[in-house]
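Spelled out, the chains give:
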Amino acid sequence: MKAKVAASVAAVAVLSALALTAGCTAGAPDRVDDKEANGNRRDTGRVLSTDQLRHAELGPREVPGFQIERASIGTAGHGRPRTDSAPCRPLVALLGSRPQPAPAASVVNTFAKAGDGHHFDGLLGTIRVSAYDRDGAAATLKQLRVAAAACADGFGMTTGEGEQQTFKAVQTLEPPSLGDEAVAYRLANAAEKAPSLVTVVRTGSNLSLFFATSLSDPEGVEIPRELVEAQVGKIEKLANAERVPTAPPSPSTLVAPEGGEAGDSVE
């Protein structure tokens with residue numbers, strides 16, 4: 001299983017780099033007023049650290065049917081891609097290693113379908129959980145919602161590695177009814193058969209980002225709701241806790257059941 005999942009993780013990294021590479025040189029995000037950013041009961045004003053976010057990560061076999069592993073922050077690509085379409089820059093920036101606005105802390109995991117007989121055969125993806133200071137999380141959601149609508153006819157870009165990319169369409173999707181607000185959209189790459197799906201859920205000052213594609217069933221690619229519910233539930237519980245651990249989880253809590261492999265740590 002370890003070798004199989006390692007190959008899947010490598011595929012995720014390649015697909016992410018081809019589809020949406022590192023943060024672009026977008027300008028400062030639109031400001032969101034304090035009432036809009038903080039007018040919810042889930043926002044405690046606490047900004048979680050990387051060690052604290054570790055407590056909200058999904059375990060290797062926590063969601064039945066999926067293998068989950070830790071990944072590096074740079075899984076989605078490196079460098080600074082460029083686009084001449086200013087309204088579309090937030091769509092590029094979010095999935096890079098340096099999104100704008102920059103989060104205070106982030107943890108990244110990859111997921112792959114594990115086991116036979118599951119609907120999401122061949123599904124691969126990444127999960128990034130980020131904590132933001134001030135109104136960064138709300139501003140990011142607002143930017144993405146506006147950009148997805150403005151870029152319905154697609155856009156072109158140059159990746160951080162200097163490759164030309166063209167997205168022929170951006171389709172806004174119905175977001176899950178989770179967290180404080182959410183956005184979802186589908187990116188159609190002109191050169192690839194497999195589309196990329198993105199869902200972002202805000203819980204107070206935290207964002208849970210899900211990216212998915214499928215190697216075996218491009219038309220049937222979905223972001224599994226059970227993964228989204230599990231991840232959002234964990235970050236919501238952590239963010240609302242009266243006391244949040246300041247140290248990362250002990251290694252024993254990262255051991256996968258039934259002989260599974262625990263994820264590698266992120267430096």
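Everything below is about the structure printed above this text.
Rules and cut-offs
- Residues numbered from 1 in each chain as written.
- Predicted model: local features only at pLDDT ≥ 70, side-chain atom pairs only at ≥ 80, totals over all residues.
- Heavy atoms only, no water.
- Helix = DSSP H or I, 4+ residues; strand = E, 2+ residues; numbered from the N terminus.
- Buried < 20%, exposed > 50% of the residue type's maximum accessible area, 1.4 Å probe, protein only.
- Expected span 1.5 Å × (residues − 1).
- Arc of directions from axis to C-beta.
- Pairing = 2+ DSSP bridges.
- Phe/Tyr/Trp six-rings, centres within 6.5 Å; stacked < 30°, edge-to-face > 60°.
- Disulfide = S-S within 2.5 Å.
- Core = buried A, V, L, I, M, F, W, Y, C linked by side-chain atoms within 4.5 Å.
- Axes fitted to C-alpha atoms, helices over the stretch in contact; angles between N-to-C directions.
- Contact = heavy atoms within 4.5 Å.

Draft legend 1. Geometry of the overall build of the protein chain. The secondary structure content of the protein chain amounts to 6 helices and 8 strands. Shown N-terminal to C-terminal, the secondary structure of the protein chain runs as helices and strands in the order α-α-α-β-α-β-β-α-β-β-β-β-β-α. Within the protein chain, the proportion of its 267 residues that are buried is 51%.

Draft legend 2. Highlighting helix α6 (residues 225-239). Taking 1.5 Å per residue as the helical rise, α6 with its 15 residues ought to reach 21 Å, and the 21 Å between its terminal C-alpha atoms agrees with that figure. Every buried residue belonging to α6 is among Leu227, Val228, Gln231, Val232, Ile235, Leu238 and Ala239, and all of these are buried. In a view along the axis of α6, the buried residues occupy a sector of 130 degrees, so they form one face of it.

Draft legend 3. Here's a closer look at the pairing of strand β1 (residues 66-71). Where burial is concerned, most of β1 is hidden: 6 out of the 6 residues are buried. Both faces of β1 are covered, namely the face carrying Phe66, Ile68 and Arg70 and the face carrying Gln67, Glu69 and Ala71.

Draft legend 4. Fine view of the pairing of strand β5 (residues 164-173). Here 4 bridges tie strand β4 (residues 155-158) to β5, and the two strands are oriented antiparallel to one another. For Phe155, the partnering residue across the bridge sits in β5 and is Phe167. Linking two consecutive strands that pair antiparallel, namely β4 and β5, is a turn of 5 residues; a positive phi of about 90 degrees is found at Gly162 within it. Relative to strand β6 (residues 181-189), β5 runs antiparallel, the two sharing 6 bridges. The residue bridging Thr172 from the neighbouring strand is Tyr185, located in β6.

Draft legend 5. Layout of the packing of aromatic side chains. A full pass over the atoms with the stated rule returns 2 aromatic pairs. Ring centres of Phe155 and Phe167 lie 5.0 Å apart, and the angle between their planes is 35 degrees; on these two criteria the pair is classed as tilted. Placement of Phe155 in strand β4 and of Phe167 in strand β5 is noted, with a sequence separation of 12 residues between them. The same class applies to Phe155 and to Phe167, which are both buried.

Draft legend 6. Spatial organisation of the state of the cysteines. Taken as a whole and assessed by the stated rule, the structure comprises 1 disulfide. Linked covalently through their sulfurs, Cys88 and Cys151 form a disulfide whose S-S length is 2.0 Å. Around the S-S axis, the bridge from Cys88 to Cys151 shows a dihedral of about -115 degrees and counts as left-handed. Taken together, the positions of Cys88 in the loop between β1 and α4 (89-93) and Cys151 in the loop between α5 (136-150) and β4 put the pair 63 residues apart, joining distant regions of the chain.

Draft legend 7. Quick look at the nonpolar core. Within the largest apolar cluster, 28 residues are counted, with the highest numbers of intra-cluster contacts made by Leu48, Leu53, Phe111, Leu227, Val228 and Ile235. Sorting the residues of this core by element identifies β1, β2 (105-113), β3 (123-131), β7 (196-203), β8 (206-214) and α6 as the ones contributing at least two each. At 5 residues, the largest contribution of residues to this core is made by α6. Judged by nonpolar contacts, the second largest core, of 23 residues, contains Cys88, Leu91, Ala137 and Leu144.

Draft legend 8. Geometry of the sheet that holds β8. Ordered by their spatial adjacency, 8 strands build an open sheet running β1-β2-β3-β8-β7-β6-β5-β4, and the pairing between neighbours is antiparallel. Edge positions in the sheet fall to β1 and β4, since each has one partner strand and no second. Neighbour-to-neighbour, the strand axes of this sheet turn through a mean angle of 25 degrees, independent of strand direction. One ladder, built from 8 bridges, connects β2 with β3; its direction is antiparallel. Each residue of the ladder has a partner; that of Phe111, found in β3, is Gly125. Most of the contacts of α5 go to β6, to which it runs at about 40 degrees, and overall it touches β5, β6, β7 and β8.

Any functional reading would require information beyond the geometric quantities listed.
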